[in-house]
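What follows is each chain in one-letter form.
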Amino acid sequence: MESRRSRAKVDLAGILRKSWYRLRLSVRHPSRVPTWDAIVLTAASPEQAELYEWQLKRAKRLGRIASSTVTLVVPDPDGNRIGSGGATLNAIHALARHLEALGPQVDNVDTGNSESLVPHERSDTEVSFLPMLSFMARRHILLLHAGGDSKRVPWANPMGKVFLPLPYLAADDPDGPVPLLFDHILAISCCARQAFKKEGGIFIMTGDVLPCFDASTMVLPEDTSCIITVPITLDVASNHGVIVASKTGIQNKTCYVSLVENLLQKPTMEELVKNQAILDDGRTLLDTGIIAVRGKAWGELVRLAWSSKPMIADLVKRKKEMSLYEDLVAAWVLAKHEWLRLRPLGEELINRLGKQKMYSYCAYDLLFLHFGTSCEVLDHLSGADSGLVGRRHLCSVPATTVSDIAASAIIISSKIAPGVSIGDDSIVYDSCISGGIQIGSQSIVVGVNVPGDNNGLRFILPDRHCLWEVPLVGCTGRVIVYCGLHDNPKDSVSRSGIFCGKPWDKVLHDLGIQESDLWSTTGTHEKCLWNAKIFPILSYFEMLSLAEWLMGLSDPKTKSLLPLWKSSQRVSLEELHRSIDFPLMCIGSSNHQADLASGIAKACINYGLLGRNLSQLCEEILQKDDSGVKICRDLLDLCSNLQGQDSKILPKSRAYQVQVDLLQACREEKMACELEHKVWAAVADETASAVRYGFREHVLESSNSTSASAYESSAFDCCVDQSFQHHDVRIELPVRVDFVGGWSDTPPWSLERAGCVLNMSIKLDGCAPVGTSITTTEQTGIEINDDDTMNKVYIEDPTSIAAPFNSDDSFRLVKSALLVTGVTHDKLILSMGLQIHTWTGVPRGTGLGTSSILAAAVVKGLLKITNRDDSNENVARLVLVLEQLMGTGGGWQDQIGGLYPGIKFTESFPGIPLKLQVISLMASPRLISDLQQRLLVVFTGQVRPARRVLEKVVTRYLRRDSLLISSIKRLAELARMGREALMNCDLDELGEIMLEAWRLHQELDPYCSNTFVDRLFELADPFCCGYKLVGAGGGGFALLLAKDGDSAQKLKNLLQKDPRLEEYGTEFEVKIYNWTLF
């Protein structure tokens, strides 16, 4: 095997963002992106399992796990350690029993093919198990081993190492809870689910490793097991498991799949050479601890797990452990069978699993982040890209003039009082730190709550130390625990063990402590920090004083501290692990998070510009014991003066939305619903004001008024006494297709932030399909004709036209155009009438901007026939008002796309009036030729009005949803990049931009696509460098940018005859349009 892994730095942020995007999509729209049927965690004890269950409920509440996914925590039997292999079998057995108990779904499973899944002699017990076997064989299971003691990350022991804070990408969602290691593992594993496709199986991961790679590209062999590997240097491999893979296999640029020939554990150089484990580039394959089992191999594993109770009981009785990575996996590797037969239950493992093989999936660009020690945790945070780690998240931090907090320190979910000092690269999590506390550099503080009334006490945590608190069962207070960053609690006194960075013999000598004070003289276990009874249970400030003394900061000869320590009740880390009050810890953490969120929300209302996501903060506040709703009511009372603020500083739409969110948090759904109408009215008013000051009041003035403003004056003012003159205007416009930038043009975003869109005007099948004709008539009144539906309406008194319009009024577009142009109050209609015809050559709701472009045509025609300013910029801004008046919302890019010819890059700049800058790109003949050869404009056969999508997106923006804001910012940035790509005739780069834009559109609204569109793009993917739906999505037209002209022709032929699209019915018939640049 030739290793081709790129030595370039892995794009950790890019991998995680893509994985999180897929995770959110799978939760919000699981019918499009399949998610795990079950997520199972192993735990060391029933008490730890209780904590993990609380964490799983939290993950579901936060949208990390789909509501349809079954979650289960399985502790080792009676707390007895049975090894990762025994725990795997125990977990699968427990899941099968759990699913069996959930309902009758198992009994209805067809077992006709179960024999082909697992060829095996059937006992009577197994016959009764066949329905469950067949059911389980089709499930997709994520199993996460998280049941360790976390001895080398002792401060994570109470929470479980898998749930330690990992603020990667925390800045992407500043008002949400800090991401945990578990959350990132879920995101990576969500991508791995795609590799299983429809074949059932299990994906096994470890809770202290974050494998950063694009798991959606994995290739997993069918009906077998597969271990994920990565090339690693030999020095690292000597402390881990190593996989010896066949030299022949399937290779591409990102991975290599081959048969596993041998397994090595912490091999020496001689063993690596002897087993030919060294790759051509001098590295070897690291066992990442990730295992996928599919098809027949999965069926056999389920069968073994179902009958594993006697095996597990035997392990418990003999106090043996079965390793997943040595014993169980060895059953799939022929070269390990001889060794395995000498292991506990090895013969049975070979008999039950040995018929299948194991493969290695080597991911060249996998970044293996191991969180096995406190040092590794700090290294992964301090050494990461500065934009990746959120260093201040949901925290209260004092001003720099009253505190000394290093810029590189990470403060998350914590409240820091004035007078606190925190050193470089330290972490403070889930804590309240009062004044007078000094935390050194490279230190870790977790769950510490120093009372504010400390009577001037000063406490110093030295550099490279860890400090945390633990509530114990039966203990009224919390125990303060500490150690050095490099301490290994497993290292014995006789083997260079240390405490707070000093050898044990020096600690004992300096403090005057005897070994018998720490360890029992009758025990058989080695003496180490893990079992040293060193942590006293006293009053809080006594424990702090003793902590400084034990860490060597007080005078060792202080006479009062040694007797105090000796006379106190003391516990070891081992005893703490068994005695943690997990329910109390969970309640305390929830209340702490709620208090922080409450303080941030209150400050946001009292002092800020309401820039925080109050809806998200309220979700945390409502987790507080019984008082969450009351806190939200108090926040609502603070909002009484919001409407009095200057709307230039605080838009009314935002102020109303804050009140809606708080009403919903207070369970006042009816009042919230009533107030929502004011939100949308405010958006419409703000849009009209941005187009032309005071114009909103004009278009809504009484329909009985016949006077015209100065703005309405026209050349027809004196025509009342003149004879009738015939005028005829005809406007024909193209449709537009957008490459990137949509949503940045939509109010209220475009009223408050800059917008950028790259789009193109095209004819379909040789014609500009959208148009209107407006003719003056001798008969007064206005006749509106919809040529598409052959419907018409006659309005005798145009001044009777008034907003708002009913949503089922099919003529509201033209009526709104009459209002925004002022025609309904123009003296023209006192002496003559108008006959208006409209038509569109393509269905509305297809993403081509048809409705807005038709509105532009009507507005332009009305302005032209009344001799007013019919410039494209004026028309575009008036259509923006028109859409708000209609209640459909919408931005400016559609009308810009139809009004201006060719390819355009358009920017908008907030202000009164809103400024639009349209830059027509000078497309070279080569660019036009390449586009016409490679770009397919395809109608999916589906239509979907954009109104519902727009409401969701606008509401999220008004809530200041950070993910949405960052997504739209990125879309605007991509529009600028797309302009450069087009000008450089780099259509491949444009394709990459389209793909990212399509991903961001789905981030904004997962329902902008559907299973049919997904299937269409999956079919097109091998031929294309980019694709997306145009407009808001949900159906309509798609742009498919092929890799070259030949690929475009092949794709066109395939789409016209591929039977795989027929399964969706004739209503989804795909049509490819011929297009030309307008």
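Residue positions are given per chain, counting from 1 as you read along its sequence in written order. Given that this is a predicted model, residues contribute local features only at a pLDDT of at least 70 and side-chain atom pairs are listed and counted only at 80 or more, while totals for whole chains, interfaces and linings are drawn from all residues. The side-chain numbers reported here are obtained from all heavy atoms of the structure, hydrogens and water having been left aside.

(A) The overall build of the protein, seen in detail. Numbering goes from the N terminus for both helices and strands, where a helix is a DSSP run of H or I of at least four residues and a strand is a run of E of at least two. Of regular secondary structure, the protein possesses 37 helices and 41 strands. The quantity called the radius of gyration is restricted to C-alpha atoms. Its globule counterpart is 2.2 Å times the number of residues to the power 0.38. Expected size for 1078 residues packed as a compact globule is a radius of gyration near 31 Å; at 34 Å, the protein falls within 12% of this value. Summarising its shape, the C-alpha atoms of the protein cover approximately 120 × 70 × 55 Å along the three principal directions. We call a residue buried when its accessible area falls under 20% of the maximum for its residue type, exposed when it is over 50%, and partly exposed in between, using a 1.4 Å probe and counting protein chains only. When the 1078 residues of the protein are sorted by exposure, 59% land in the buried category. Intrachain contacts of the protein at a sequence separation of at least 6 include 69% that bridge at least 24 residues. Carbon together with sulfur atoms contributes 49% to the accessible area of the protein, which is approximately 42,700 Å² in total. Any two residues whose heavy atoms approach within 4.5 Å at even a single point are treated as in contact. Areas reported here follow the Shrake-Rupley algorithm with a probe of radius 1.4 Å; residue values treat only the protein chains shown as occluding.

(B) Quick look at the pairing of strand S1 (residues 38-43). Counting buried positions along S1 yields 6 of 6 residues, so the element is predominantly enclosed. The two faces of S1 match: Ala38, Val40 and Thr42 on one face and Ile39, Leu41 and Ala43 on the other face are all buried. Two elements, S1 and strand S3 (residues 140-145), share 5 bridges in a ladder whose sense is parallel. The partner of Ala38 across the bridge, within S3, is Ile141. Strands qualify as paired when DSSP identifies two bridges or more between them. Sheet topology note: the S1/strand S2 (residues 70-75) ladder contains 6 bridges and is parallel. By the bridge assignment for S2, Ile39 is matched with Thr71. Read as a crossover between parallel neighbours, the route from S1 over helix H2 (residues 46-61) to S2 is right-handed. Looking down the strands as they point away from the viewer, one classifies a crossover as right-handed if the path from the first strand across the helix to the second runs clockwise.

(C) Representation of the sheet that holds strand S40 (residues 1071-1073) within the structure. With antiparallel pairing, 4 strands are arranged side by side in an open sheet as S38-S39-S37-S40. Looking at which strands have only one partner, the edges of the open sheet turn out to be strand S38 (1024-1029) and S40. Adjacent strand axes in the sheet meet at a mean angle of 25 degrees, parallel and antiparallel pairs treated alike. Alignment of S38 against strand S39 (residues 1037-1042), held across 5 bridges, turns out to be antiparallel. When the sheet's bridge partners are listed, Cys1024 is paired in S39 with Ala1042. Convention adopted: a line fitted to C-alpha atoms gives each axis, helices being fitted over their contacting stretch, and angles between N-to-C directions are expressed from 0 to 180 degrees. The strands touched by helix H32 (residues 925-934) within the sheet are strand S37 (935-939), S38 and S39, with S37 carrying the most contacts at an inclination of about 40 degrees. Contacts from helix H35 (residues 987-1004) reach S38 and S39, with the element oriented near 40 degrees to S38.

(D) Spatial organisation of the side chain of Asn613. Considering the arrangement of structural elements, one finds Asn613 in the loop between helix H20 (582-606) and helix H21 (614-621). For Asn613, a relative accessible area of 6% puts it in the buried group. Setting aside chain neighbours within four positions, we find Asn613 in contact with Asp175, Arg959, Arg960 and Asp961.

(E) Focus on the environment of Ser434. By secondary structure assignment, the location of Ser434 is in the loop between strand S18 (432-433) and strand S19 (437-439). As for Ser434 and Ala972, which are separated by 538 residues in sequence, their C-alpha atoms are 44 Å apart. Whenever a nitrogen or oxygen atom comes within 3.5 Å of another N or O atom, the pair is scored as a polar contact, on the condition that within protein one atom can donate a hydrogen and the other can accept it, and that pairs from neighbouring residues in sequence are kept only if both atoms are in side chains. Among the polar contacts listed, one links the side chain of Ser434 to the backbone oxygen of Pro451, at a separation of 3.1 Å.

(F) Quick peek at the packing of helix H27 (residues 812-820) against helix H30 (residues 872-886). Contact pair H27 / H30: the axes reach a minimum separation of 9 Å and the direction vectors enclose 125 degrees. As far as their axial angle goes, H30 and H27 are oblique. Judged by the sense of rotation from one axis to the other, the crossing of H27 with H30 is right-handed. Across the interface between the two elements, Arg812, Leu813, Ser816, Ala817, Leu819 and Val820 of H27 pack against Leu878, Val881, Leu882, Leu885 and Met886 of H30. Note on residue classes: Ala, Val, Leu, Ile, Met, Phe, Trp, Tyr, Cys and Pro are nonpolar, Asp, Glu, Lys and Arg are charged, and everything else, Gly too, is polar. Across the contact of H27 with H30, the residue classes break down as 9 nonpolar, 1 polar and 1 charged. Throughout this description, any angle smaller than 35 degrees is read as roughly parallel, any larger than 145 degrees as roughly antiparallel, any in the 65 to 115 degree range as roughly perpendicular, and the remainder as oblique. Left-handed describes a crossing whose near helix is turned anticlockwise from the far helix by less than a right angle; the clockwise case is right-handed.

(G) Layout of the packing of aromatic side chains. Only the six-membered ring of Trp is used, alongside the rings of Phe and Tyr, when aromatic pairs are assigned; centres must lie within 6.5 Å, and planes under 30 degrees apart are stacked while those over 60 apart are edge-to-face, with the rest tilted. Taken as a whole and judged by the stated rule, the model has 15 aromatic pairs. With centroids separated by 5.2 Å and ring planes inclined at 75 degrees, the aromatic side chains of Trp504 and Trp519 adopt a geometry described as edge-to-face. Highlighted residues: Trp504 in helix H15 (residues 504-511) and Trp519 in the loop between helix H16 (515-518) and strand S26 (535-537), separated in sequence by 15 residues. Trp519 shares its class with Trp504; the two are buried. Taken together, the aromatic side chains of Trp36, Phe196 and Phe203 make up a single cluster linked through ring pairs. The ring of Trp749 carries the charged tip of Arg753 above its face, separated from the ring centre by 5.1 Å. Consider the ring centre and the ring normal. A charge sits over the ring if Lys NZ or Arg CZ is within 6 Å of that centre and within 35 degrees of that normal.

(H) Local environment of the sheet that holds strand S13 (residues 404-405). Across the sheet, 4 strands lie side by side as S13-S16-S19-S21; this open sheet has parallel pairing. One side of each edge strand has no neighbouring strand; the edge strands of this open sheet are S13 and strand S21 (459-461).

(I) Here's a closer look at the pattern of salt bridges. Salt bridges are defined as contacts in which a side-chain nitrogen from Lys or Arg sits within 4 Å of a carboxyl oxygen from Asp or Glu. Inspection of the entire model under this criterion finds 41 salt bridges. As a salt-bridge pair, Asp183 and Arg58 come within 3.6 Å of each other at their nearest N and O atoms. Here Asp183, found in helix H6 (residues 181-196), pairs with Arg58, found in helix H2; they are 125 residues apart in sequence, far enough to count as distant. For Arg58, a relative accessible area of 11% translates into the label buried. With a closest N to O distance of 3.1 Å, Arg970 and Glu973 form a salt bridge.

(J) Looking closely at the environment of Leu186. Mapped onto the fold, Leu186 is located in helix H6. In this structure, the C-alpha to C-alpha distance between Leu186 and Ile15, residues 171 residues apart in sequence, is 13 Å. Excluding anything up to four places from it in sequence, Leu186 contacts Leu23, Ile39, Arg64, Ile65 and Leu142.

(K) Fine view of the packing of helix H3 (residues 83-102) against helix H9 (residues 295-306). Running from N to C, H3 and H9 point in directions that differ by 85 degrees, and their axes come no closer than 8 Å. Overall, the two elements H3 and H9 adopt an arrangement that is roughly perpendicular. Facing Leu89, Ile92, His93, Ala96, Arg97 and Glu100 of H3, the residues of H9 in contact are Trp298, Leu301, Val302, Leu304, Ala305 and Trp306. Considered class by class, the residues forming the contact of H3 with H9 number 9 nonpolar, 1 polar and 2 charged.

(L) Main features of unusual backbone geometry. Going from Pro747 to Pro748, the amide bond is cis rather than trans, its omega being 5 degrees. On the secondary structure map, Pro748 appears in the loop between strand S29 (735-740) and helix H26 (749-752). Cis rather than trans, the peptide bond between Ala803 and Pro804 has omega equal to 0 degrees. Within the secondary structure layout, Pro804 lies in the loop between strand S33 (791-795) and H27. With phi around 90 degrees, Trp743 is a residue other than glycine that occupies positive phi space. Examined against the element boundaries, Trp743 turns out to sit in the loop between S29 and H26. Residue classification places Trp743 among the buried residues on the basis of a relative accessible area of 10%. A positive phi angle, close to 50 degrees, is found at Asp765, a residue other than glycine. Summarising the element assignment, Asp765 is placed in the loop between strand S30 (755-764) and strand S31 (770-777). Given a relative accessible area of 44%, Asp765 falls into the partly exposed group.

(M) Quick look at the confidence of the model for the protein. Per-chain confidence: the protein averages 88 in pLDDT, with 92% of residues scoring 70 or above. For residues 1-8, every residue scores under 50 in pLDDT, and the model assigns this stretch 27 contacts once sequence neighbours within four places are set aside. Each residue carries a pLDDT score, the predictor's confidence in it, ranging from 0 to 100. Counting contacts from residues 106-125, a segment whose pLDDT is below 50, to residues more than four positions away or on other chains yields 34 contacts.

(N) Representation of the environment of Tyr900 in the model. Secondary-structure assignment places Tyr900 in the loop between helix H31 (893-899) and strand S35 (903-909). Judged by its relative accessible area of 17%, Tyr900 is buried. Each C-alpha atom, one on Tyr900 and one on Glu873, is 9.6 Å from the other, the two residues being 27 residues apart in sequence. In this structure Tyr900 touches Ser761, Asn872, Glu873 and Val918, once residues within four positions along its chain are discounted.

(O) Geometry of the pairing of S37. Within S37, 5 of the 5 residues are buried, leaving the element largely enclosed by the surrounding structure. Across the two faces of S37 the burial is the same, with Leu935, Val937 and Phe939 and Leu936 and Val938 all buried. Of the pairings in the sheet, the one linking S37 to S39 comprises 5 bridges and is antiparallel in character. Paired with Val937 across the bridge in S39 is Leu1039. Here S37 pairs with S40 via 3 bridges, running antiparallel. If you follow Val937 over to S40, its bridge partner there is Tyr1073.

(P) View of H30. What a helix should span is 1.5 Å times the count of its residues minus one. Taking 1.5 Å of rise per residue, 15 residues should cover 21 Å, and H30 covers 21 Å from first to last C-alpha, within 8% of that figure. Within H30, 14 of the 15 residues are buried, which leaves the element mostly enclosed by the surrounding structure. Phi for Gly887, located one or two positions after H30, is positive at around 90 degrees.

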